[in-house]
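Now for the letters of each chain:
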Amino acid sequence: MLIQTAKFAKSAASVKDCPTGNTPEYAFIGRSNVGKSSLINMLLQRNELARTSSTPGKTITMNYFLINEDWYIVDLPGYGYARRSKTLRSAWEKSLWQYLKSRENMVNLFLLIDSRVPPQESDLNFIEELAEAGIPFSIVYTKLDKLKVAEAEQNIKAFEAKLLETWEELPVSFQTSAVTKLGNTEMLKYINRLNKDWYQALQRKL
Ligand code: GTP
Ligand code: MG
């Protein structure tokens, strides 16, 4: 898919501020610093559209980008690490789950996982919650340029092994690098296919 136009559309602090209408959207989530904003810029081939930073971001809004006047990318803030219990969620996490559970336009959630580290509890817990809530997601391994192929493979295999402890099948996954643009074609192809399905289903409803 060719990216013809990509522009910042709006920041939403909660679900009620999200755009109305039938435009499909793809949200990007993962621990802070995992590379969400960098990946978005890589996919869109725009250097500075989504803001990146080397210090964990303080963003607490969902940032919407309109692509080809046809679909949205939503850059979500990272989810928390040291959560003691489900009841001790930050206000942000509450709106996040409200968004994930209620937003019908969200076709797919891309969950970013840092390929440089072994499986992290916070990521595995997050996936478990996604599965419980029936939220469609795929996994995006990031920063593949930062380590040797064999090391990345080892971390990815370890993560998949963890997933297979509870899942029969692995979710769709992508290996990416914002530096080498690894994964660009595959992810855009995937989004393109889901967009087609979305608009076809919409036509049947109308
Ligand atoms: P928050 O918004 O703070 O949650 O972070 P984020 O997940 O959006 O991460 P961001 O894209 O800001 O990247 C964090 C840091 O990792 C920055 O210094 C990026 O330059 C670096 N980075 C992101 N992706 C890659 C990658 O694929 N390769 C390399 N080498 N560095 C990356
Ligand atoms: Mg970011």
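Within each chain, residue numbers correspond to sequence positions counted from 1 in written order. Each chain is given a letter, starting from A, and each ligand a number, starting from 1, according to the order in which they appear as written. Totals for whole chains, interfaces and linings use all residues, but because this is a predicted model, local features are given only for residues with pLDDT of at least 70 and pairs of side-chain atoms are given and counted only at 80 or more. To obtain the side-chain values, all non-hydrogen atoms of the structure were included, while hydrogens and water were left out.

Undergrad: An account of the sheet that holds strand β4 (residues 71–75) is requested, with residue identities and associated values reported.
TA: Picture the strands of a sheet paired through backbone hydrogen bonds; they go either parallel or antiparallel. Read across the sheet, seven strands follow the order β1-β3-β4-β2-β5-β6-β7 without closing on themselves; strand pairing throughout is mixed. With partners counted over all chains shown, the strands left at the sheet margins are β1 (6–12) and β7 (173–175), one partner each. In this sheet, adjacent strand axes meet at a mean angle of 25° when their direction is disregarded. The pairing criterion for strands is at least two bridges between them, as found by DSSP. Numbering goes from the N terminus for both helices and strands, where a helix is a DSSP run of H or I of at least four residues and a strand is a run of E of at least two. As judged from the six bridges shared by strand β5 (residues 106–114) and strand β6 (residues 137–142), these two strands associate in the parallel manner. Lines fitted to C-alpha atoms define the axes, with helix axes restricted to the stretch in contact, and inter-axis angles between N-to-C directions lie between 0 and 180 degrees.

Undergrad: Run through helix α1 (residues 36–44), naming residues and quoting values.
TA: Among the nine residues in α1, eight count as buried, and that is most of the element. Each residue is assigned to one of three classes by its accessible area relative to the maximum for its type, calculated with a 1.4 Å probe on protein chains only: buried under 20%, partly exposed between the two thresholds, exposed over 50%. Those residues of α1 that fall on the buried side of the exposure criterion are K36, S37, L39, I40, N41, M42, L43 and L44. After α1 finishes, the residue Q45 shows a positive phi value of roughly 55°.

Undergrad: I'd like to hear about the pairing of strand β2 (residues 25–30), residue by residue, with values.
TA: With six of its six residues buried, β2 lies for the most part within the structure. Of the two faces of β2, the one holding E25, A27 and I29 and the one holding Y26, F28 and G30 are both buried throughout. As judged from the four bridges shared by β2 and β4, these two strands associate in the parallel manner. Its bridge partner being in β4, Y26 is matched across the sheet by I73. Pairing of β2 with β5 involves six bridges; the strand directions are parallel. Opposite F28, over in β5, you have F110 as the bridge partner.

Undergrad: Tell me about the packing of helix α2 (residues 91–102) against helix α3 (residues 121–133), and name the residues and values.
TA: As a packed pair, α2 and α3 sit with axes 11 Å apart at the nearest point and diverge in direction by 40°. Considering the angle they form, α2 stands oblique to α3. The two elements α2 and α3 meet at a crossing, and its hand is right-handed. Residues L96, W97, L100 and K101 of α2 lie in contact with α3, whose contacting residues are F126, E129, L130 and A133. Of the residues in the contact of α2 with α3, the class split is six nonpolar, no polar and two charged. The cut-offs work like this: below 35 degrees is roughly parallel, past 145 is roughly antiparallel, 65 to 115 is roughly perpendicular, and the gaps in between are oblique. In this scheme, a crossing is called left-handed if the near helix is turned counterclockwise away from the far one by less than a right angle; it is called right-handed if the turn is clockwise. For this analysis, residues touch if any pair of their heavy atoms sits within 4.5 Å. Any residue outside Ala, Val, Leu, Ile, Met, Phe, Trp, Tyr, Cys, Pro, Asp, Glu, Lys and Arg is labelled polar, Gly included; the first ten of those are nonpolar and the last four are charged.

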